[in-house]
Amino acid sequence: MARVLIIGYGNPLRSDDGLGWYAAVQLFRSSASRDVEVLPCHQLTPDLAEPVSHADTVMFLDSTHEGTPGELRCREIQAAEGTPSFSHHLSPQVVLGLSRDLYGAFPHAWLLTVCGKCFEPGESLSEEVAGRLPDLKERVRAVTTETLGMCPIAG
Amino acid sequence: MEVNERKTILIDPVTRIEGHSKITLHLNEAGRVEDARLHVTQFRGFEKFCEGRPFSEMPALMARICGICPVSHLIASAKACDALLAVRIPPTADKLRRIFGLAQVVQSHALSFFHLSSPDFLLGMDADPARTNLFGVLAENPQLARDGIRLRQFGQQIIERLGGKRIHPAWVVPGGVSEPLTSVNRDAILAGVPEVLAIAERTLEWFKSVIERFREEIASFGNFPTLFLGMVKKDGGLTFYDGGIRIVNAAGGVVANGLDPAEYSQFIGEKVESFSYLKSPYYLPLGYPEGIYRVGPLARMNLADRCGTPRADQEMAEFHELQRAAVLSSFHYHHARLIEVLYCLERTEQLLNDPEILSKHVRAIARPNAEEGVGCCEAPRGTLMHHYRIDEQGLIKWANLIIATGHNSLAMNRAVLQVAKHFVRGEQITPGMLNRVEAVIRAYDPCLSCSTHATGAMALRIQIIDHLGRLRDEIERPL
């Protein structure tokens, strides 16, 4: 099982909402190591708790409405306490909580976001968000290096 | 939910289903349910906006109808395109499409049973609504929650290994599939089969152990005579990919058999009701609404002579002991769903062990040779039909989709009324009563996002009902 799990999620048909998806697809193509698994997803679902439970480090990649368009944030996150009443849209923290409660797993977890500018129907990222993709991937590589002692993701 | 001086009860939204709907219950002066309606409140419009598109785009376009069952739409659409090309796809492509579709059924049924309905079976119909979700299941029975996640994951992993991604994969194409199966992927899938077969069997045993607690629900959840419709193989066996249409009645008698799905308009009519964006198909010879029928897992168990795999056949035989003739209560959709999961897993294993499964010949190439094509398959929720007409340039002139959930529209409405009449009392309305009304809808596992289309016009009726339940005004757009 991969020691580093990267989950990029979002809707690639909704402009900047697809940031996580696009980033994950690019990372998937430039990674050739069993120690790194990359999962592009449309949304976070309870099924992700199982692969999360096998990783030492998990990174969630997403766009956000918070901040200035193009602003990149990277922060450590913890598993949620308590249970939500709605399982259709989960947060990374809830997925971590499921992984803890179902499988007894406590991976290190990071949430990397870029503030989006446009979330209307569209198949491309805005200039502000597209311009931050290299920085986002560089952060992913840095966290991966911290975990593995090296980075098998091409730059 | 709001109660309007006990005259009209509105359940909005209906929870733990796919898509958006509401239910209105109309009470008389004595507080008893007089009428009930399921309103599907979303409109999609795929049949219209695909006009003018190249037919070759249709599978990928139609997969976007639904994030839960995109594979079923891919298959039905590709089969319609096969008909436009007038090709017979290579045998290996046929088998690969079947595996793809079976995986779809596994993951969809797992979602329906474990995530949406198991909270009711485990915690009871009167449980606190805040707990009746996957997280409530996790707290009460973690193994059940893990099993649900693993089973769904297995189905999605097959889809991903074959199609390249879990949601909206574009691997199924006119003429076959775009890539052959690799030995690595085949072996990886086969390695997971024993574990998920064990999950399917223990879930069935668990469900059969708890079902006794739901005698009242079984008796009143959509328990009425209807026809049942679906595809079966030539030998009468269960199928999800290809076959003829069979129709049986409530006594289990065969009304029609071996009907060509391409001729569906000869035996299926479609009615648009003003209170819902969901069309109501019916069996033409009996007219509307007498031609009510059901599709999906319960129908398939009533229609097929056998599953064709050993463990599923054993369970099917036991299932048929529930009732002489056809099994009528819609509550038994859940049981039927689990049997189908077992079948799909066994059948997947058989197909993957086929010596031809790794062949590189997976696509027939041709230009359009027909102006009209119909593709039909059995989606998780029932019979799915895609019907296209193209012009000389191969552009879509017209499309009609009959979605599984749409076939069940009449039955769902009748089921809501039956449950509401049995459980809802105007003097004291409890969450448990209303949960049962929702639960009967969940038994059908509707995919309302898929099934909202109109036959060329959008039906619209707006009623203004005041706080005393009086109709104050009504606006209707004619169809």
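Residues numbered from 1 in each chain as written. Chains lettered and ligands numbered in written order. Predicted model: local features only at pLDDT ≥ 70, side-chain atom pairs only at ≥ 80, totals over all residues.

*Asks:* Lay out the overall build of chain B with the relevant residues and their values.
*Replies:* Looking only at helices and strands, chain B has 15 helices and 17 strands in total. Each of the 479 residues in chain B was classed as buried or not, and the buried ones make up 53%. When contacts within chain B are restricted to residue pairs at least 6 apart in sequence, those whose partners lie at least 24 apart make up 72%. (Helix = DSSP H or I, 4+ residues; strand = E, 2+ residues; numbered from the N terminus. Buried ≥ 20, exposed ≤ 12 C-beta atoms within 10 Å, placed from the backbone. Contact = placed C-beta atoms within 7 Å.)

*Asks:* How would you sum up the overall build of chain A? Please name residues and give values.
*Replies:* A tally of helices and strands in chain A yields 5 helices and 5 strands. When the helices and strands of chain A are placed in sequence order, the string is β-α-β-α-β-β-α-β-α-α. Scaling as 2.2 N^0.38, a compact globule of 155 residues should have a C-alpha radius of gyration of about 15 Å, and chain A matches this with 15 Å. Considered along the principal axes of its C-alpha atoms, chain A spans approximately 40 × 40 × 20 Å. (Rg over C-alpha atoms; globule rule 2.2 N^0.38 Å.)

*Asks:* Go over the sheet that holds strand S1 (residues 4–9) of chain A, please, and point to the residues and values.
*Replies:* Residues and elements named next belong to chain A. One open sheet accounts for 5 strands, arranged S2-S1-S3-S5-S4; its pairing is mixed. Each edge of the open sheet carries a strand with a single partner, namely strand S2 (36–41) and strand S4 (72–76). Adjacent strand axes in the sheet meet at a mean angle of 15 degrees, parallel and antiparallel pairs treated alike. Bridge count for S1 against S2 is 6 bridges, and the pairing is parallel. Within the sheet, the bridge partner assigned to Val4 lies in S2 and is Val36. (Pairing = 2+ DSSP bridges. Axes fitted to C-alpha atoms, helices over the stretch in contact; angles between N-to-C directions.)

*Asks:* Residues and numbers for the packing of helix H7 (residues 183–210) of chain B against helix H11 (residues 333–352) of chain B, please.
*Replies:* Residues and elements named next belong to chain B. Between H7 and H11, the shortest axis-to-axis distance is 9 Å and the interhelical angle comes to 155 degrees. Of the possible angle classes, the one that applies to H7 and H11 is roughly antiparallel. For the pair H7 and H11, the sense of crossing is left-handed. Contacts from Arg186, Ile189, Leu190, Val193, Val196, Leu197, Ala200, Glu201, Thr203, Leu204 and Phe207 of H7 reach H11 at His334, His335, Leu338, Val341, Leu342, Leu345, Glu349 and Leu352. Class assignment of the residues belonging to the contact of H7 with H11 gives a composition of 13 nonpolar, 3 polar and 3 charged. (Parallel < 35°, antiparallel > 145°, perpendicular 65-115°, else oblique. Left-handed = near helix turned anticlockwise from the far one by under 90°. Nonpolar A, V, L, I, M, F, W, Y, C, P; charged D, E, K, R; others polar.)

*Asks:* Let's hear about the sheet that holds strand S14 (residues 382–390) of chain B: which residues, and what values?
*Replies:* All names here are of chain B. Spatially, 3 strands are ordered S13-S14-S15 in an open sheet, and the strand pairing comes out antiparallel. The open sheet has two edge strands with one neighbour each: strand S13 (372–379) and strand S15 (396–402). The average undirected angle you get between the axes of adjacent strands in this sheet is 15 degrees. Pairing of S14 with S15, which is carried by 6 bridges, proceeds in the antiparallel orientation. Residue pairing across strands places His387 opposite Asn400, the latter belonging to S15. Contacting S13 and S14, helix H3 (residues 70–85) runs over the sheet at an angle of about 150 degrees to S13.

*Asks:* I'd love a proper account of the nonpolar core, names of residues and values included.
*Replies:* Judged by nonpolar contacts, the single largest core of 178 residues is most densely connected at Ile6(A), Val106(B), Val416(B) and Ala420(B). Broken down by element, this core gets its largest block of residues, 14 residues, from helix H4 (residues 91–123) of chain B. Mapping this core onto the domain boundaries places at least three of its residues in each of domain 1 (2–40 + 414–477) and domain 2 (46–407) of chain B. Setting aside residues no more than four positions away along its own chain, Val416(B) makes contact with Ile23(B), Ala36(B), Leu38(B), Val437(B), Val440(B) and Ile441(B). (Core = buried A, V, L, I, M, F, W, Y, C linked by C-beta atoms within 7 Å. Domains from an automatic or database assignment.)

*Asks:* Can you tell me about the packing of helix H1 (residues 19–29) of chain A against helix H5 (residues 133–148) of chain A, naming the residues and giving the values?
*Replies:* Residue and element names in this part refer to chain A. At a closest axis distance of 11 Å, the pairing of H1 and H5 adopts a crossing angle of 60 degrees. In terms of orientation, H1 and H5 fall into the oblique class. By crossing handedness, the relation of H1 to H5 is classed as right-handed. Contacts from Ala23, Gln26 and Leu27 in H1 reach Leu133, Leu136, Lys137 and Val140 in H5. Of the residues that constitute the contact of H1 with H5, the class distribution is 5 nonpolar, 1 polar and 1 charged.

*Asks:* So, unusual backbone geometry: which residues are in play, and what are the values?
*Replies:* Residue Tyr288(B) is joined to Pro289(B) through a cis peptide bond whose omega torsion reads 5 degrees. Residue placement: Pro289(B) occurs in the loop between strand S11 (280–283) and strand S12 (293–294). For Ser15(A), which is not a glycine, the phi torsion comes out positive at approximately 55 degrees. As for its placement among the helices and strands, Ser15(A) is situated in the loop between S1 and H1. Positioned with a positive phi, Ala86(B) is a non-glycine residue whose angle comes to about 60 degrees. Relative to the assigned elements, Ala86(B) resides in the loop between H3 and H4.

*Asks:* Any chance you could break down the environment of Val137(B) for me, citing the residues and the numbers?
*Replies:* Summarising the element assignment, Val137(B) is placed in helix H5 (residues 134–140). Not counting the four nearest positions on each side in its chain, Val137(B) is found in contact with Ser118(B), Pro119(B), Leu122(B), Leu144(B) and Ala145(B).

*Asks:* Any details on H4(B)? Residues and values, ideally.
*Replies:* Because the α-helix completes a turn every 3.6 residues, residues three or four places apart line up on one side. All names here are of chain B. Look at H4: 46 Å from first C-alpha to last across 33 residues, which is about the 48 Å you get at 1.5 Å a residue. For H4, the principal kink sits at Ser117 and spans about 60 degrees; a proline, Pro119, occurs within the next four residues. Most of H4 is tucked away, with 29 of its 33 residues classed as buried. Of the residues flanking the end of H4, it is Gly124, one or two places downstream, whose phi is positive at about 95 degrees. (Expected span 1.5 Å × (residues − 1). Bend = angle between axes of the 7 residues up to and from the residue.)

*Asks:* If you had to explain the pairing of S14(B) to someone new, which residues and values would you point to?
*Replies:* Looking along a regular strand, one sees side chains alternate from face to face of the sheet. Residues and elements named next belong to chain B. Counting buried positions along S14 gives 8 out of 9 residues, so the element sits mostly inside the fold. Across 8 bridges, the pairing between S13 and S14 is antiparallel. Directly across from Cys376, in S14, lies its bridge partner Met385. Hairpin connection between S13 and S14: a loop of 2 residues separates the two successive antiparallel strands.

*Asks:* Account for the pairing of strand S10 (residues 268–271) of chain B, with residues named and values stated.
*Replies:* All names here are of chain B. Where burial is concerned, the two faces of S10 differ: the one with Ile268 and Glu270 is buried and the one with Gly269 and Lys271 is not. Judged from the 4 bridges that link them, S10 and S11 form a sheet pairing that is antiparallel. The partner of Gly269 across the bridge, within S11, is Tyr282.

*Asks:* Quick one: what's the story with the confidence of the model for chain B, residue by residue and with numbers?
*Replies:* Reading fine detail from the predicted coordinates is not recommended where pLDDT is low. Residue and element names in this part refer to chain B. Per-residue confidence for chain B averages 87 on the pLDDT scale, and 85% of its residues sit at or above 70. Overall, residues 452–462 carries pLDDT values under 50, and its contacts beyond four positions in sequence, including any with other chains, amount to 30 contacts. This stretch, residues 475–479, has a pLDDT under 50; its non-local contacts, to residues over four places away or in other chains, come to 7 contacts. Among the prediction metrics, the complex's ipTM stands at 0.82, with pTM recorded as 0.88. (pLDDT = per-residue confidence, 0-100.)

*Asks:* I'd like a rundown of the environment of Pro194(B), residues and numbers included.
*Replies:* Residue and element names in this part refer to chain B. Relative to the helices and strands, Pro194 is located in helix H7. Judged by local crowding, Pro194 falls into the exposed class, with 11 C-beta atoms found within 10 Å. Sequence separation of Pro194 and Glu346 is 152 residues, and the distance between their C-alpha atoms is 9.5 Å.

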